[in-house]
Amino acid sequence: MKPIAVCPCDIPEELREGLAQLCENEGFCLDAAGLPLYARRAEHYRVQHLPDALRVEYDRPVQFFRALSLLKTPQTAPDCPERPPVFKHDGVMLDCSRNGVLRPESIRMILRKMALMGLDTLMLYTEDTYEIKNRPYFGYLRGRYTTQELQALDAYAAALGIEMVPCIQTLAHLERALHWPQVDPDTRDTEDILMVDEPKTYAWIEDMITALRAAFRSRRIHIGMDEAWMLGLGNYRLRHGIEPAHRLMARHLEKVRDIARRHGFSPMIWSDMYLCAASPTGEYYNAVDPIPEEVVRSVCEGVSLVYWDYFHEDGQDYDRMLRLHRQFGGETMFAGGLWTWIGPAPAQDKMRRASLPALRACEKNGVDTVVGTAWGDNGAECSLLAALYGMQLYAEYSYTGVTDTDWLDARFLACTGEPAAPFALMSQFNTPPGIVSRNENPVNVSKFLLYEDPLIPLYARDTQGMHFCDFYADLAERFAAFRGQTPAFEKLYRFYEAFARLMAAKCRWRENLPALCAETAGQGIALAQDCRAEIARCRLAWEALWEQVNKPFGYEIIDLRLSGLDGRYETAIRKLERLRGGDTAVLALVREEKLRVLSDEEGRFYGIGAWSDCVSACKI
């Protein structure tokens, strides 16, 4: 595609470096004969796309870059006038802690796409994947970012009008940091929770905050503190006895807040530990209304709360939760879900069903800051490039209020250079015919079918009578037709093509398994060999995508999972060779009566999150 020629006739100096980055990488070029650009700071965002010029008024620099992207919006797109964004801050949180640590080049690319979308906030979630000089085991062999890498990314983001906000953990979710035998045991309450009230714990947190202050210019910091369900019930209980979790958290948070403030940070935390303390069942989304006074008093002054909700599809649920948060006073931010964490394929359809009522409720309730979270639970199997589709939805809601697929697809092409079709299609990996969820969680069919053991299929009873082979074969052909405009996106499409072919081969195997006998053993061997060939192709495509997008650390886990699957097909071939020779022992294994595991009596499915739960009924 021919670059769009622009001429910055009258724009502030603060925009020029970011404009140069977009001209170098995103389909623009500087030319004295190009479209004249005029920009100035103002109280509100306003853009005039005239035949002879682009005139932009902005109150945040990123708005100028969004206005530039309008020059790339296809002329066939609907006419959707820009408006001042309804959210003061709008952005994304990228998970770089679940084995997949984005390469700095990938973050720069995402930052450029964000600028064209108009998103101004990037939270980088790093549990132990950032450098602390005097703590060598923190992030050891995990792809941690050096201080210099983070400083360079922070400067790159700032030039594009984007604030990079450190997002860490200072209480729970620190299992990888705490598991090393070299870590002082005095700092460990449970396997993933720090020891409250221990001076060595606060020396460690001081080192965390010091390292981040050196890397980021933002005054905001997310210090985590979510899902500390076992707080005080490990070594703390043995030393000090039982104490209510919300009291422990109040003391701990006050200490961590003071450390953050000393370093010029204004902290925020996830709100679930407070809402769970106000719930009769200890669950986040059913806290009592009004919140008990003791819980309200335990909230730490000067710490903002982040309400996270990835699940609900009814705006009234979000209204209720935001009403509860208001009872604490202070600022409440919102974090929705981009649904990148359920396996190799994202749930884009679920992202849309949950995000739209959430964003409407946030606008209605005066929430200033919203982010879409792109988590990578259980091994970062889904590339975070898939999150771009949801990020576009967040941007279009704020700037236009229009989120229908025609407009969203046109804007996605303008901002990323890629068609939206393959990104929307990714959802179909988890929606083969006959699969119905029993709750608001999507069913990650492609994950549990991918890792299901070929000889002891855990989900045979759940999927009895269902046929998915042709479905995945068709999906493979559809992805084969896509061609990426850059190496990263090309590798993304080639992975999903290979993944669909593997799923088709594996479903063909499992659909023929019930008829296995000595006479069909040869056919079974051929099917197993096909599966091994597709596993090999998928491994290569997955590795190529991983190395294009992420640092090399962490892929070894996916490699081990696929190697294990390949090994089980190798075992299956040996057993089928014996079956062909008259040894029927394998039939007893295959024909063991199967029970429902993931579905109820009405055939509605649960999802399953962990690889270890997909492969065997035995303990791994």
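Residues numbered from 1 in each chain as written. Predicted model: local features only at pLDDT ≥ 70, side-chain atom pairs only at ≥ 80, totals over all residues. Heavy atoms only, no water.

Q: Can you explain the overall build of the protein? Please cite residues and give values.
A: Each helix and strand in the protein was counted, giving 22 helices and 15 strands. Relative to its length of 620 residues, the protein is compact, with a C-alpha radius of gyration of 26 Å against a globular reference of 25 Å. The proportion of buried residues among the 620 residues of the protein is 59%. Pairs at least 24 residues apart make up 76% of the contacts formed inside the protein by residues separated by at least 6 positions. Surface exposure of the protein reaches about 24300 Å², of which carbon and sulfur atoms provide 51%. In the protein, 71 positive and 87 negative side-chain charges are present, and the distance between their average locations comes to 2 Å. (Helix = DSSP H or I, 4+ residues; strand = E, 2+ residues; numbered from the N terminus. Rg over C-alpha atoms; globule rule 2.2 N^0.38 Å. Buried < 20%, exposed > 50% of the residue type's maximum accessible area, 1.4 Å probe, protein only. Contact = heavy atoms within 4.5 Å. Areas by Shrake-Rupley, 256 points an atom, 1.4 Å probe, with all protein chains shown as cover. Lys, Arg positive; Asp, Glu negative; His and termini not counted. Charge placed at Lys NZ, Arg CZ, Asp CG, Glu CD.)

Q: Give me the lowdown on the packing of helix α13 (residues 388-399) against helix α14 (residues 405-416), citing residues and values where you can.
A: Close contact between α13 and α14 brings their axes to 10 Å; oriented N to C, the two are set at 110 degrees. The orientation of α13 relative to α14 falls into the category roughly perpendicular. Regarding α13 and α14, the two cross each other, and that crossing is right-handed. Note on element contacts: α14 touches α13 through Trp407, Leu408, Asp409, Arg411, Phe412 and Cys415, opposite Leu388, Tyr389, Gln392, Leu393 and Glu396. By residue class, the composition of the contact of α13 with α14 is 7 nonpolar, 1 polar and 3 charged. (Axes fitted to C-alpha atoms, helices over the stretch in contact; angles between N-to-C directions. Parallel < 35°, antiparallel > 145°, perpendicular 65-115°, else oblique. Left-handed = near helix turned anticlockwise from the far one by under 90°. Nonpolar A, V, L, I, M, F, W, Y, C, P; charged D, E, K, R; others polar.)

Q: Any details on the pattern of salt bridges? Residues and values, ideally.
A: Per the stated rule, a full pass over the model turns up 53 salt bridges. Ionic pairing is found between Arg176 and Glu175, a salt bridge with its closest N-O pair at 2.6 Å. The class for Arg176 is partly exposed, based on a relative accessible area of 33%. For Glu175, a relative accessible area of 28% translates into the label partly exposed. Three or more residues are tied together by salt bridges with common partners; here these are Asp184, Asp186, Glu198, Lys200 and Arg239. (Salt bridge = Lys/Arg side-chain N within 4 Å of Asp/Glu carboxyl O.)

Q: How would you summarise empty space enclosed by the protein if you had to cite specific residues and measurements?
A: Per the counting criterion, the structure on display carries 3 cavities of 30 Å³ or more. Here the largest cavity defines a volume of roughly 140 Å³. Taken together, 17 residues make up the lining of the largest cavity; nearest its centre are Ala380, Cys382, Ser383, Leu384 and Asn550. Per element, the largest residue contribution to the lining of the largest cavity is 4 residues, and it comes from helix α19 (residues 521-549). (1 Å grid on protein atoms, 1.4 Å probe; cavity = no way out; pocket = protein on both sides within 12 Å on 5 of 7 lines; lining within 4 Å. Points joined across faces, edges and corners; volume = space filled by probe spheres on them.)

Q: Tell me about the layout of surface pockets, and please be specific about residues and values.
A: In this model, the largest pocket occupies a volume close to 1300 Å³. Lining of the largest pocket is provided by 41 residues; of these, Arg98, His173, Asp377, Asn378 and Gly379 occupy positions nearest its centre. Counting residues per element, the lining of the largest pocket draws most heavily on helix α20 (residues 555-580), which supplies 3 residues. Each residue belonging to the lining of the largest pocket can be placed in one class, and the counts come to 18 nonpolar, 11 polar and 12 charged. Looking at the second largest pocket, its volume works out to about 630 Å³. In this structure, the second largest pocket is lined by 30 residues; those nearest its centre are Lys113, Thr416, Gly417, Gln485 and Thr486.

Q: Lay out the packing of aromatic side chains with the relevant residues and their values.
A: Per the stated rule, a full pass over the model turns up 42 aromatic pairs. Ring plane angle 40 degrees and centroid distance 4.7 Å describe the contact between Tyr284 and Tyr285, whose orientation is recorded as tilted. Residue classification places Tyr285 among the partly exposed residues on the basis of a relative accessible area of 24%. One Lys or Arg, Arg55, reaches over the ring of Tyr38 and ends 4.2 Å from the middle of that ring. Residue placement shows Arg83 over the ring face of Tyr397; its charged tip is 5.8 Å from the ring centre. (Phe/Tyr/Trp six-rings, centres within 6.5 Å; stacked < 30°, edge-to-face > 60°. Lys NZ or Arg CZ within 6 Å of the ring centre and 35° of its normal.)

Q: Got a sec to walk through the pairing of strand β8 (residues 163-167)? Specific residues and values, please.
A: Taken across its 5 residues, β8 has 4 buried, putting it largely inside the fold. Here strand β7 (residues 121-125) runs beside β8; their pairing, made up of 5 bridges, is parallel. Bridge pairing in β8 links Leu124 to Pro166. Considered for its hand, the β-α-β crossover made up of β7, helix α4 (residues 147-159) and β8 is right-handed. (Pairing = 2+ DSSP bridges. Right-handed = clockwise from strand over helix to strand, strands pointing away.)

Q: Go over unusual backbone geometry with me, naming the residues and quoting the values.
A: Looking along the chain, the bond that leaves Asp289 and enters Pro290 is cis, with omega of 10 degrees. Relative to the assigned elements, Pro290 resides in the loop between α9 (272-277) and α10 (293-298). Here the phi dihedral of His173 falls at roughly 60 degrees; this positive angle occurs in a residue that is not glycine. Tracing the chain through its elements places His173 in the loop between β8 and α5 (175-178). Residues other than glycine seldom take positive phi values, yet Trp339 does so here, at roughly 55 degrees. Mapping Trp339 onto the fold places it in the loop between β12 (332-337) and α12 (348-364). Among the residues examined, Trp339 registers a relative accessible area of 2% and is labelled buried.

Q: Can you tell me about the side chain of Arg257, naming the residues and giving the values?
A: Within the fold, Arg257 resides in helix α8 (residues 245-262). Beyond its immediate sequence surroundings of up to four residues, Arg257 is in contact with Pro267, Cys300, Glu301 and Val303.

Q: Could you give an account of the sheet that holds strand β2 (residues 28-30), naming the residues involved and the relevant values?
A: The sheet built from 5 strands is open, its strands ordered β2-β1-β3-β5-β4 with mixed pairing. Two strands lie at the open edges of the sheet, namely β2 and β4 (46-50), each paired on one side alone. Strand-to-strand twist in this sheet, taken as the mean axis angle between neighbours without regard to direction, amounts to 25 degrees. For strand β1 (residues 4-10) and strand β3 (residues 35-41), the ladder comprises 4 bridges, and the chain directions are parallel. Bridged to Val6 within β3 is Leu35.

Q: So what about the packing of α19 against α20? Which residues, and what values?
A: Taken N-terminus to C-terminus, the directions of α19 and α20 make an angle of 170 degrees; their axes are 9 Å apart at the nearest point. Taken together, the axes of α19 and α20 are roughly antiparallel relative to one another.

Q: Please give an account of the environment of Ala287 that cites residues and values.
A: Inspection of the secondary structure puts Ala287 in the loop between α9 and α10. Assessed through its relative accessible area of 1%, Ala287 is described here as buried. Ignoring anything within four residues of it in the chain, the contact list for Ala287 reads Leu275, Ala278, Ser279, Arg320 and Leu324.

Q: Give me a nonpolar patch on the surface: which residues, what numbers.
A: Together, Tyr137, Tyr140, Leu141 and Phe553 make up an exposed nonpolar region whose accessible area comes to about 370 Å². With respect to the helices and strands, Tyr140 occurs in the loop between β7 and α4. (Patch = residues over 30% accessible without salt bridge, like charges linked within 9 Å, V, L, I, M, F, W, Y side chains within 5 Å.)

Q: If you had to explain the environment of Glu294 to someone new, which residues and values would you point to?
A: With respect to the helices, strands and loops of the structure, Glu294 is situated in helix α10. Taking C-alpha positions, Glu294 is 14 Å from Leu324, a pair spaced 30 residues apart along the chain. Setting aside anything within four residues of it in sequence, one finds Glu294 in contact with His246 and Arg247.

Read these as spatial facts, not as claims about activity.
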